[in-house]
Amino acid sequence: MLRGWDRLRYPVQRAADGALQWPWRHWTPAGRFLLSALTAAAVFGLDTNQSLDHQLFCFLAALAGASLLAARVRRPRFSAERALPRTATQGLAMSYRVRVTNDGPRPLEGAEVLEFFERTAPSGPEFSAQATPPEADWVARHSGFARWRALGAKARPASAPAPVPRLEPGQSAAVACSLTPTRRGRLELKAMRLQLAEPLGITWAAAVSPAPQSVLVLPRRHPVPRLSPPGARRCQPGGVANSSSVGDSQEFMSLRDYRPGDPIKRIHWRSWAKTGKPVVREDQDEFFTRHALVLDTFAGPAPGEAFEAAVSTAASFLSSVLTQESLVDLLFLGDKAYSFTAGRGLGNELGLLEVLAGVRPRTDGEFEQLSRTVLPRARTMSACLAVLLGYDEPRRKFVADLLRAGVPVLALVVEEAPKGEKKLEGAIRLPPAGLAAALAGVPSGPEAWAP
């Protein structure tokens, strides 16, 4: 819901944004200057008896009309096909190639191609929940423009126009394009836009060609120290299919007589055939290092930058936690409890990063739901890295329960520090605004983990 003065700020900013989209999409820089001059001439030329500005207005209006007509006649016809990478990273430029084909009867010269995105306006709750950038001036802060601009920068990926070489009718060419995703998750690309200036250079003669494709955008990652968890190897009841790659393998130890309750899969059929009585085989228990990375998704009714910073924190540490001698379990709650395992023999960190790309915040429920999911796994954990969205009583109890179970814990709390509050006891605070610097300063040695 919109709060307070946001009930007025939101519709004003939405209307102003819609009005400004048209000249930026259809007019060249010279054309936008002409529109400014046309507006000024209209204002100062209202009194035709005292000023001759109305004559300038008529001349500029005729020039703009002729330019619009020329752009409509010169509108190009083309088709485009992208060659996209498998994944991209939030905030980093993604380079790819687009094959542009001239489907029109005239040569294409001086054209540019770029991604076409439909206008998307932030919702009212998003506008109210957005924090005002600290560098905003007084006008931008109180009008809501600073928050609207910050939301607009995240709403659409940044796509720069790429020049297209001269194309004869039916000719194709590969064009190097670049796009910077601003949000993680599945990025849907629906169309390409080709534009070229009409002869007067005032408006764009543009056309849009459907080109539906998608690419998975991974979370933003920052440099982090390589962690050294102090936990020892744990017994894994039931084993792991590929445990031979990460610890002691299932190794034959001995044969013994069958006991009621032994699983059928342990029966040694050849020995039974020789002795005439059931015999089972005993295997060595499996011990290996297994870390847990717990992500707190309970962001409350208005998820903000803290949740995205928490996802980025989890993604940043995945490559540091994974080693050739350990497994890592990514645990979080979405519409249900999710658990994904990676390590040598069971995939790599890329699979977990793809999972994190689609994580969504929980706006309802209690944190205890996550505790009830994670704590039963404590007996198999060597250590636990917990990325939390606060450090209230339920979250403190969760950390304390893991410690009582003998699991070393490194608790990272992603939140802005309240004024006057001291350092957290038993946890490390990471402010979302300075996340990169805070992550670089996280202690990497065993002493950072609460025993």
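As the structure is a computational prediction, the values presented were derived from the model and not from experiment. (Residues numbered from 1 in each chain as written. Predicted model: local features only at pLDDT ≥ 70, side-chain atom pairs only at ≥ 80, totals over all residues. Heavy atoms only, no water.)

Peer 1: Quick rundown of the overall build of the chain? Include the residues and the values.
Peer 2: A tally of helices and strands in the chain yields 12 helices and 18 strands. The 451 residues of the chain split such that 41% are buried. The long-range fraction of contacts in the chain, counting pairs at least 24 apart against all pairs at least 6 apart in sequence, stands at 74%. As displayed, the chain has an accessible area near 23,900 Å², and 56% of this comes from carbon and sulfur atoms. (Helix = DSSP H or I, 4+ residues; strand = E, 2+ residues; numbered from the N terminus. Buried < 20%, exposed > 50% of the residue type's maximum accessible area, 1.4 Å probe, protein only. Contact = heavy atoms within 4.5 Å. Areas by Shrake-Rupley, 256 points an atom, 1.4 Å probe, with all protein chains shown as cover.)

Peer 1: I'd like a description of the side chain of S67, backed by residues and values.
Peer 2: Tracing the sequence through the fold places S67 in helix α3 (residues 53-73). According to the relative accessible area criterion, S67 is buried, its value standing at 0%. With sequence-adjacent residues up to four places away left out, S67 is seen in contact with E198, L200, I202 and T203.

Peer 1: Please provide a residue-by-residue account of the pairing of strand β3 (residues 94-102), values included.
Peer 2: The pairing of strand β1 (residues 78-83) with β3 spans 6 bridges and is classified as antiparallel. Residue R82 lies in a different strand from β3, and its bridge partner there is V98. The sheet contact formed by β3 and strand β7 (residues 172-180) spans 8 bridges and is antiparallel. The residue bridging V100 from the neighbouring strand is A173, located in β7. (Pairing = 2+ DSSP bridges.)

Peer 1: Talk me through the packing of helix α2 (residues 29-44) against α3; I want residue IDs and the actual numbers.
Peer 2: Look at α2 against α3: their axes get within 8 Å of each other, and the N-to-C directions meet at 145 degrees. For α2 against α3, the interelement crossing comes out left-handed. The residues of α3 that touch α2, namely those facing L34, A37, L38, A41, A42 and F44, are D53, L56, F57, L60, A61, L63 and A64. When the residues that make up the contact of α2 with α3 are grouped by side-chain class, the tally is 12 nonpolar, no polar and 1 charged. (Axes fitted to C-alpha atoms, helices over the stretch in contact; angles between N-to-C directions. Left-handed = near helix turned anticlockwise from the far one by under 90°. Nonpolar A, V, L, I, M, F, W, Y, C, P; charged D, E, K, R; others polar.)

Peer 1: If you had to explain the environment of E447 to someone new, which residues and values would you point to?
Peer 2: Of note, E447 is situated in the segment after α12 (435-440). Along the backbone, E447 and P229 are 218 residues apart, and their C-alpha atoms lie at a distance of 8.9 Å.

Peer 1: Can you explain a nonpolar patch on the surface? Please cite residues and give values.
Peer 2: On the surface, W5, L8 and V12 cluster together into a nonpolar patch covering about 360 Å² of accessible area. In this structure, V12 sits in helix α1 (residues 6-26). (Patch = residues over 30% accessible without salt bridge, like charges linked within 9 Å, V, L, I, M, F, W, Y side chains within 5 Å. Salt bridge = Lys/Arg side-chain N within 4 Å of Asp/Glu carboxyl O.)

Peer 1: Pulling in residues and values, what's your account of the confidence of the model for the chain?
Peer 2: On average, residues of the chain score 83 in pLDDT, and 88% of them reach the 70 mark or higher. A low-confidence stretch, residues 238-249 (pLDDT under 50), is modelled with 31 contacts involving residues beyond four sequence positions or located in other chains. (pLDDT = per-residue confidence, 0-100.)

Peer 1: Describe the environment of R14, with residues and values.
Peer 2: One can find R14 in helix α1. Overall, the relative accessible area of 37% leaves R14 in the partly exposed class. For the pair formed by R14 and W148, sequence separation is 134 residues and the distance between their alpha carbons is 8.5 Å. Ignoring any residue separated from it by four or fewer positions in sequence, one finds R14 in contact with R119, A121, P122 and W148.

Peer 1: Any chance you could break down the sheet that holds strand β8 (residues 185-197) for me, citing the residues and the numbers?
Peer 2: Overall, mixed pairing links the 5 strands, which are arranged β2-β9-β8-β4-β6 in an open sheet. If you trace the sheet from one side to the other, it starts and ends with β2 (87-89) and β6 (162-164), each paired once. Across the sheet, the mean angle from the axis of one strand to that of its neighbour is 45 degrees, orientation sign disregarded. Across 3 bridges, strand β4 (residues 111-116) lies against β6 in antiparallel orientation.

Peer 1: Explain the sheet that holds β3 to me, and be specific about the residues and the numbers.
Peer 2: Sheet architecture is open: 4 strands sit in the order β1-β3-β7-β5, paired in antiparallel fashion. Taken across any chain shown, the strands that pair with only one partner, and hence form the sheet edges, are β1 and β5 (158-159). Where β5 lies against β7, 2 bridges are found, and the strand directions are antiparallel. In the sheet register, S159 faces β7, and the bridge partner there is L179.

Peer 1: Help me get a handle on the pattern of salt bridges, residues and values and all.
Peer 2: Scanning the entire structure with this criterion turns up 13 salt bridges. Its salt-bridge partner being R395, residue D392 comes within 2.9 Å of it at the nearest N-O pair. Residue class for D392 comes out partly exposed when judged on its relative accessible area of 35%. Its relative accessible area of 8% is what places R395 among the buried residues.

Peer 1: Describe the nonpolar core, with residues and values.
Peer 2: Counting 36 residues, the largest nonpolar core has L295, L356, L385 and L410 as its most contacted members. Contributions of two or more residues to this core are made by β9 (204-218), β13 (287-295), α8 (305-321), β14 (326-333), α9 (349-357), β16 (383-388), β17 (409-414) and α12. No other element matches α8, which puts 8 residues into this core. (Core = buried A, V, L, I, M, F, W, Y, C linked by side-chain atoms within 4.5 Å.)

Peer 1: I'd like a rundown of the packing of aromatic side chains, residues and numbers included.
Peer 2: Here the structure, examined in full by the defined rule, presents 6 aromatic pairs. Their ring planes at 20 degrees and their centres at 6.2 Å tell us that F332 and F340 sit as a pair that is stacked. Note on F332: relative accessible area 6%, which makes it buried. Using a relative accessible area of 29% as the deciding quantity, one classes F340 as partly exposed. Cluster of aromatic residues (ring-pair linked, three or more members): F298, F367 and F398. Over the aromatic face of W24 sits the side chain of R32, whose NZ or CZ is 3.9 Å from the ring centroid. (Phe/Tyr/Trp six-rings, centres within 6.5 Å; stacked < 30°, edge-to-face > 60°. Lys NZ or Arg CZ within 6 Å of the ring centre and 35° of its normal.)

Peer 1: Outline α2, listing residues and values.
Peer 2: Taking 1.5 Å per residue, 16 residues should reach 22 Å; α2 reaches 23 Å between its end C-alpha atoms and fits that length. Within α2, burial applies to G31, L34, L35, L38 and A41. Buried residues in α2, looked at end-on, bunch into an arc of 125 degrees, giving them a common side. Set apart from the buried face of α2 by more than 90 degrees, the exposed residues are P29, F33, V43 and F44. (Expected span 1.5 Å × (residues − 1). Arc of directions from axis to C-beta.)

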